[in-house]
Amino acid sequence: MSADTIDVVLYSSELFLRHRLQVVEELWESVLRQECGQKMVDLLRQLRDLCSPEGQTTNGQASSAVELIEQLNINEAIRAARAFALYFQLINIIEQEYEQKQQLNRYTDADADSSEVDDFPSIIYSTNQREDDLPITKGFGSDILTTQVKQKGTFAALFPLLFQLNVPPQQIQRLISQLDVRLVFTAHPTEIVRHTIRDKQRQVVNLLQQLDASEHRASAYPWEAAEVRERLLEEIRLWWRTDELHQFKPTVLDEVDYALHYFQEVLFDGIPQLYKRFKYNLSQTFPWLEPPSTNFCSFGSWVGSDRDGNPSVTPEVTWKTACYQRKMLLDRYIQSVKKLIELLSISMHWSDVLPDLLESLELDQSQLSEVYDALALRYRQEPYRLKLSYILTRLENTRDRNLSLYNRETPSNEDAPMYRSGADFLAELRLIQRNLTETGLSCQELENLICQVEIFDFNLTQLDIRQESSRHADALNEILEYLQVLPQSYNDLTEEERVAWLTTELQTRRPLIPAELPFSEKTNDVIETFRVVRSLQQEFGINICQTYIISMCRDVSDVLEVLLLAKEARLFDPLIAVGTIQIVPLFETVEDLQRSRSVMRQLFELPLYRALLAGGYAKTKVETIDASSPSLPLPLPSASLTPNLQEVMLGYSDSNKDSGFLSSNWEIHKAQKSLQKIAEEYNVNLRIFHGRGGSVGRGGGPAYEAILAQPGNSINGRIKITEQGEVLASKYSLLDLALYHMETITTAVIQASLLRTGFDDIEPWNEIMEELSARSRQHYRSLIYEQPDFIDFFHQVTPIEEISQLQISSRPARRPSGKKDLSSLRAIPWVFSWTQTRFLLPSWYGVGTALQEFLDEKPEEHLKLLRYFYLKWPFFKMVVSKVEMTLAKVDIQMGRHYVQELSNPEDKPRFEKVFDQIAKEFYLTRDLVLKITGHQKLLDGDPILQRSVQLRNGTIVPLGFIQVSLLKRLRQYKSATTSGVIHSRYSKGELLRGALLTINGIAAGMRNTG
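Each residue is numbered by its place in its chain's sequence as written, counting from 1. Per-residue local features of the predicted model are confined to residues with pLDDT of at least 70, and side-chain atom pairs are confined, for both listing and counting, to 80 or more; whole-chain, interface and lining totals are unaffected and use all residues. Side-chain numbers here rest on the full set of heavy atoms in the structure, without hydrogens or water.

Participant: I would appreciate a short explanation of the environment of Asp-356 in the present structure.
Facilitator: Locating Asp-356 in the fold gives a position in helix α14 (residues 355–367). Placed 76 residues apart in sequence, Asp-356 and Ile-432 show a C-alpha to C-alpha distance of 9.7 Å. Those residues in contact with Asp-356, other than ones at most four positions away along the chain, are Leu-431, Arg-434 and Asn-435. Only DSSP runs of H or I reaching four residues or more are called helices, and only runs of E reaching two or more are called strands; each is numbered from the N terminus. Note on contacts: a residue pair qualifies if any of its non-hydrogen atoms lie within 4.5 Å across the two residues.

Participant: What should I look at first to understand the packing of helix α34 (residues 847–857) against helix α35 (residues 859–872) in this one?
Facilitator: Relative orientation and spacing of two packed helices are given, respectively, by the angle between their axes and the distance between those axes. Throughout, an axis means a line fitted to C-alpha atoms (over the contacting stretch in the case of helices), and angles, computed between N-to-C directions, take values from 0 to 180 degrees. At a minimum axis separation of 6 Å, α34 and α35 run at an interaxial angle of 130°. Judged on the interaxial angle alone, α35 and α34 are oblique. Contact residues: Leu-851, Phe-854, Leu-855, Asp-856 and Glu-857 in α34; Pro-859, His-862, Leu-863, Leu-865 and Leu-866 in α35. Three categories are distinguished: nonpolar for Ala, Val, Leu, Ile, Met, Phe, Trp, Tyr, Cys and Pro, charged for Asp, Glu, Lys and Arg, and polar for the others, with Gly belonging to the last. For the contact of α34 with α35, the class distribution of residues is 7 nonpolar, 1 polar and 2 charged. Should an angle fall under 35 degrees it is taken as roughly parallel, and over 145 as roughly antiparallel, whereas 65 to 115 is taken as roughly perpendicular and any remaining angle as oblique.

Participant: Whenever I open this one, the pattern of salt bridges confuses me. Can you help?
Facilitator: If charged atoms from side chains of opposite charge come close, those side chains can pair. What makes a salt bridge here is a side-chain nitrogen of Lys or Arg within 4 Å of a carboxyl oxygen of Asp or Glu, nothing more. Taken as a whole, this structure holds 58 salt bridges when the rule is applied. The shortest N-O distance in the salt bridge between Glu-505 and Arg-510 comes to 2.6 Å. When salt bridges that share partners are traced, they join Asp-180, Arg-182, Asp-464, Glu-647, Arg-687 and Lys-720 into one network.

Participant: Would you explain the packing of helix α12 (residues 252–285) against helix α13 (residues 315–343) in this entry?
Facilitator: It is the contact of α12 with α13, at a shortest axis distance of 11 Å, that shows an interaxial angle of 25°. Here α12 is positioned roughly parallel relative to α13, judged by the angle of their axes. For the element pair α12 and α13, the recorded crossing hand is right-handed. Along its contact with α12, which presents Val-252, Leu-253, Val-256, Asp-257, Leu-260, Phe-263, Gln-264, Phe-268 and Asp-269, the element α13 presents Val-317, Lys-320, Thr-321, Tyr-324, Gln-325, Met-328, Leu-329, Arg-332 and Tyr-333. Its residues assigned to classes, the contact of α12 with α13 comprises 11 nonpolar, 3 polar and 4 charged. Helix crossings get a hand from a simple test, with the near helix turned counterclockwise from the far one by less than a right angle marking a left-handed crossing and a clockwise turn marking a right-handed one.

Participant: Honestly, a nonpolar patch on the surface in this entry has me stumped. Any pointers?
Facilitator: Patch members must show over 30% relative accessible area and no salt bridge, and they are joined within 9 Å when carrying like charges or within 5 Å when they are nonpolar side chains of Val, Leu, Ile, Met, Phe, Trp or Tyr. Method for areas: the Shrake-Rupley scheme with a 1.4 Å probe, in which residue coverage is limited to the protein chains shown. Together, Tyr-482, Leu-483 and Val-485 make up a nonpolar patch on the protein surface, roughly 250 Å² of accessible area in all. Looking at the secondary structure, you find Tyr-482 in helix α19 (residues 469–483). For Tyr-482, a relative accessible area of 48% translates into the label partly exposed. Exposure categories follow from relative accessible area, calculated using a 1.4 Å probe and restricted to protein chains: below 20% of the type maximum is buried, above 50% is exposed, and the middle band is partly exposed.

Participant: In this structure, what is going on with the pairing of strand β4 (residues 462–468)? I would like to understand it.
Facilitator: Side chains on a regular strand alternate between the two faces of the sheet. Most of β4 sits out of view: 7 of its 7 residues are buried. Where burial is concerned, the two faces of β4 agree: the one with Gln-462, Asp-464, Arg-466 and Glu-468 and the one with Leu-463, Ile-465 and Gln-467 are both buried. The pairing of β4 with strand β5 (residues 547–551) spans 5 bridges and is classified as parallel. Pairing of Arg-466 across the sheet is with Ile-549, part of β5. Strand pairing follows a simple DSSP-based rule, namely that at least 2 bridges must link the two strands.

Participant: Looking at this structure, how should I read the packing of aromatic side chains?
Facilitator: Aromatic contacts are taken between Phe, Tyr and Trp rings whose centres are within 6.5 Å, Trp giving its six-membered ring; a plane angle under 30 degrees counts as stacked, one over 60 as edge-to-face, and the others as tilted. Taken as a whole and judged by the stated rule, the model has 49 aromatic pairs. Ring geometry for Trp-666 against Trp-873: centres 6.2 Å apart, planes inclined by 85°, an arrangement best described as edge-to-face. Taken together, the positions of Trp-666 in helix α26 (residues 661–681) and Trp-873 in the loop between α35 and α36 (874–889) put the pair 207 residues apart, joining distant regions of the chain. Judged by relative accessible area, which is 1%, Trp-666 ranks as buried. Aromatic pair Phe-869 and Phe-876: ring centres 5.5 Å apart, planes at 75°, arrangement edge-to-face. Considered together, Phe-869 and Phe-876 belong to a single accessibility category, that of buried residues. Pairwise contacts between aromatic rings join Phe-185, Phe-263, Phe-268, Phe-299, Tyr-333, Tyr-419, Phe-425, Phe-456, Phe-458 and Tyr-732 into one cluster. Across the ring face of Trp-240, the terminal group of Arg-82 is positioned such that the distance to the ring centre comes to 4.4 Å. When the ring centre of Tyr-379 is taken as origin, the NZ or CZ atom of Arg-378, which lies over that ring, is 5.9 Å away. Geometrically, a charge over a ring is one whose NZ (Lys) or CZ (Arg) sits within 6 Å of the ring centre while staying within 35 degrees of the ring normal.

From the geometry alone we can't say anything about function, so treat these as descriptive.
Right, here's the structure in full:
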């Protein structure tokens, strides 16, 4: 081992992590001492010392903590809450830096550590292989999925593994050629950190990196580290004096700006490195295979286009979002071209120039004579600089036109030379690249720019439209009543009658909707949404917006309604069955997941729908409808959808809220298997879109293990995943973490597509899971939906009402029904509330009872079976591991404190019964998880995560006590206001601000909140 390697190992060791934590804690205390005084520092220490070694609340702790906190005035309580919140943010930074170093070391070590494949059970290769693709040897197995590769998660480990397992290269090549990983940023901000605070955090990261360098560089002067520490102290003091809370409710365009932050700071410059990693590591093992396209990993976005329950997302906002994204790209491209002008100073005196470049310069001169007049003399012997100057002018003209379109103004430079698409810009860059190559030169900056344009085009992300299914039905109902088309209301038709009418209407080009819209605001909004999609495709190309997601999709008519509205906006031509919109049903509740197979089968049976998927009647054997109509084809955009590809989205959040964690995961697992089987029957390629949230209760958790746990052939090189809330900050704030995250997802997709265990197809195992799922769902619903006191318990014991007042989202916390029931409450605040109180109930409740009832039948035999499931079945292990992680974050004694302190006196007896029911299930679930995993304590199998959870738990405890105190005072104030007698020393605003700060702090400490 080299000296450099030894240094790297020491650098990223646990000892180094503890040292960094100590440094940050010293800085934190120093800032508090300067800003708040020694008394506050002593108080915070005293509160933290009350915790158990595992960071859990103890029985005797509550009274001591309450006694301390009740003595605090509002300003002291707020300062204490802010101090703990700051501490969590600093700890997050340290851990992210540490994790980044660990990933770098892991990646470095992957080449050196060869994976030994020994005696493993048989692996089953993907069933889409041909006979000539069968491997020469077999006998290697599934444990490799969860041992060697799980430890690595890199291309450097994956490709040697595939080679050792003798996976046919033809099969690998086919998969690589169709590789499609899509990561979709969403406007579900449980990430409540302000943009300003993000900048502060980034500055702290930079200073910590400087401190690392000064402490580990042999040539560093002793005073350098001290100087950096002093700058860190200053930065944290500035951070302390910066407000953590948003001063206003963010607009949708604010949310767009937040999402683009990660592209600006990390992804735009980082994404070419992902392709280089893939290409290099593939060539090391399979040098004869072709790498994937540069955009094998691409990005989508719901920010500015997801209008489900958010009246603020208007067609105009979606238009501005697309323009805003293009502006960001054009600005970056302009910077890159300016840098290339500096770099490519090649003179014709010393280098040949090919004729095609000289010809393009002549054409540029005729179109941009002013550029020629200004620069011809300066660059008369430097053709690359002159060419790039022409390119720069076209980009600037494109940017100016885009600004006019953003403001809905008529562009003043419409006739100026510019780029109408990224493809035109790319062609000019490739011309330069080709000339350099032919003369024996290369330019890495140019290669990076070409890669960026290939990935991002002029659009940055693909915008997905999402709307709730009933909005389309209500819109059609109003339109048809206005036109008097049907003898009865459309909403009164049966499903069969709706499908029959929609199918008939979809076979005519006759317009249904008038140009002028005499309808209600809601109906007009639906219609205008489709029209703006049409405008976007005409201006930006089809790739900017081609996916329309139907949330709460239940029936075939839900899909056909969207197709009819798309036809009215000229996004679909019924005569030839060609369209530029992909309709994606989102199945969310357990009932909808179970019905999904029937819905998709009925859709695939419809000739018109199958023709749409295929790319038109001309590409199918289906007879076309009467084409004698004199009408001309609709002027659809030139590009078309991927042939025979059906995307289906599965919702983790609402299925969990509806049926509990275990049932939700099993129903999603089953739905994927059945949907893949149906798609294969109809020769349709399926892409599953996983609607995962940040928390375990909404599908969150390690993506790598989750992908490997997917069933059978449900991936086949394609996956689409939402990236939500605090996930963006934890995965995309630092370059190496972002690259590693994208690499592990891609690695898992390849691995899950080429290798599968076959355990998903063992019918007796499936029957057991079906039984466990049903029992878990029954116990979960008996509490959530059948316990008469539960709704009151939830509203009093958790800070749900206060969370709804956080200025963190442009979208309301509830669906627009006006009721304060669970059906109208969105899954995000539902999970967020339980996380704040440390119950984390949606992520585990019902699991323990289901397992216990199964064990009661045959205790020893069934325990052995469950342990075998955990060792061998990726799906079962993923479920148990997520439950284990959540249970480690639960603090049931802290939950009891919320119940005791926040319950109304008259409600406390009945709420105590609800709590006892929850606590009983918690202890049962914890004990059974430990039995199945064989661990002595939760997370013994993952000491790094265990350490992280314990580190946070200890400081979240006193923050929870502060939150309860402030919530209690706030609610007493509200009660006094209602009665007309106010005795509080503090205003409602002060109390609310304090409560919101504690919500902010606990969210930072828990890391995965909602």
